[in-house]
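Topology and contacts: notes
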Amino acid sequence: MAESTDTRQRSGFDLGQGPGRLLVWLYGVFTVAAASRSIVQMIMDFGRAPLAYVLSAGAAVVYAFITYSLVRGGESARRAALVCCAAELAGVMTVGTWTLLEPSAFPDATVWSDYGMGYLFIPVILPVTAMMWLRRAPRD
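First things first, this report covers the structure right here in the doc. (Residues numbered from 1 in each chain as written. Predicted model: local features only at pLDDT ≥ 70, side-chain atom pairs only at ≥ 80, totals over all residues. Heavy atoms only, no water.)

Considerations on the overall build of the chain
Looking only at helices and strands, one finds five helices and zero strands in the chain. For the chain, the N- to C-terminal ordering of α and β elements is α-α-α-α-α. Within the chain, the proportion of its 140 residues that are buried is 41%. For the chain, contacts bridging at least 24 residues in sequence account for 69% of all contacts bridging at least 6. When the accessible surface of the chain is totalled, it reaches about 7,500 Å², and 69% of it is carbon and sulfur. (Helix = DSSP H or I, 4+ residues; strand = E, 2+ residues; numbered from the N terminus. Buried < 20%, exposed > 50% of the residue type's maximum accessible area, 1.4 Å probe, protein only. Contact = heavy atoms within 4.5 Å. Areas by Shrake-Rupley, 256 points an atom, 1.4 Å probe, with all protein chains shown as cover.)

Put into structure tokens, the structure is as follows:
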């Protein structure tokens, strides 16, 4: 572990520094927001929109893993975060399109409904921005 910290210090690049720090903060906020929302919704009225609530919980797990990867740093964390960001973007695009084509399937919104419109489209912008940042990361 100390070796990976030394490598990051030598390279002058840490995934959680500079603009990466903003990504860590945003992903942390979205982890809490998506998890809180889905937990409350599942406890209060799971039968109303189980698909939406489970998708929001899944989004929270993805956000948490990306947050952890950005904080951890290193090459394997960078690769894992890139894969998760691509999966997140695919999820946002799939769910966003699905909610527009078949709104009756989602009687309640998810984090990714309408491409994240309820969250100022940050769910669709965030993974693109994160992937751009992660691709800049030097290979250890």
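Once the structure has been displayed, the description carries forward.
Structural notes on the packing of helix α3 (residues 50-72) against helix α4 (residues 75-101)
Interhelical geometry of α3 versus α4 gives an angle of 155° and a closest axis separation of 9 Å. Considering the angle they form, α3 stands roughly antiparallel to α4. Crossing of α3 against α4: the hand is left-handed. Residues Leu51, Leu55, Val62, Tyr63, Phe65, Ile66, Ser69 and Arg72 of α3 touch α4, and the partners they reach there are Ser76, Ala77, Ala80, Ala81, Cys84, Cys85, Glu88, Val95 and Trp98. Grouping the amino acids of the contact of α3 with α4 by side-chain chemistry returns 13 nonpolar, two polar and two charged. (Axes fitted to C-alpha atoms, helices over the stretch in contact; angles between N-to-C directions. Parallel < 35°, antiparallel > 145°, perpendicular 65-115°, else oblique. Left-handed = near helix turned anticlockwise from the far one by under 90°. Nonpolar A, V, L, I, M, F, W, Y, C, P; charged D, E, K, R; others polar.)

A look at unusual backbone geometry
With a phi close to 60°, Tyr115 is a non-glycine residue in the positive phi region. Mapped onto the secondary structure, Tyr115 falls in the loop between α4 and α5 (122-136). The residue Phe121 is not glycine, and still its phi comes out positive at about 65°. Note on placement: Phe121 falls in the loop between α4 and α5. On the accessibility criterion, Phe121 (36% relative accessible area) is partly exposed.

Remarks on α3
Under the 1.5 Å per step criterion, the end-to-end length of α3 is 33 Å for 23 residues, consistent within 8% with the ideal 33 Å. For α3, every residue scored as buried is listed here: Ala52, Tyr53, Ser56, Ala59, Ala60, Tyr63, Ile66, Thr67, Ser69 and Leu70. Where α3 is buried, its residues touch α2 (19-45), α4 and α5. Of the residues flanking the end of α3, it is Gly73, one or two places downstream, whose phi is positive at about 75°. (Expected span 1.5 Å × (residues − 1).)

Considering the side chain of Thr110
Considering the arrangement of structural elements, one finds Thr110 in the loop between α4 and α5. Reaching out from Thr110, the side chain makes a polar contact with the backbone nitrogen of Trp112 at a distance of 3.0 Å. Those residues in contact with Thr110 that sit more than four places away from it in its chain are Arg37, Ala52, Leu55, Ser56 and Val95. (Polar contact = N/O pair within 3.5 Å; in protein donor to acceptor, adjacent residues only side chain to side chain.)

Points about the packing of α4 against α5
It is at 9 Å that the axes of α4 and α5 come closest, and there the two elements cross at 155°. In terms of their interaxial angle, α4 and α5 are classed as roughly antiparallel. For the crossing formed where α4 meets α5, the hand is left-handed. Of α5, the residues touching α4 (which contributes Arg78, Ala81, Leu82, Cys85, Ala86, Glu88, Leu89, Val92 and Met93) are Pro123, Val124, Pro127, Val128, Ala130, Met131, Leu134 and Arg135. Across the contact of α4 with α5, the residue classes tally to 14 nonpolar, no polar and three charged.

Comments concerning the nonpolar core
Core analysis: the largest hydrophobic core is formed by 30 residues, its most contacted members being Tyr27, Tyr63, Leu70, Cys85, Val111 and Trp112. Elements with a contribution of two residues or more to this core: α2, α3, α4 and α5. With seven residues, α3 is the largest single contributor of residues to this core. In this view, Tyr27 contacts Tyr63, Ile66, Thr67, Leu70, Cys85, Glu88, Leu126, Pro127 and Ala130; residues no more than four positions away in its chain are not counted. (Core = buried A, V, L, I, M, F, W, Y, C linked by side-chain atoms within 4.5 Å.)

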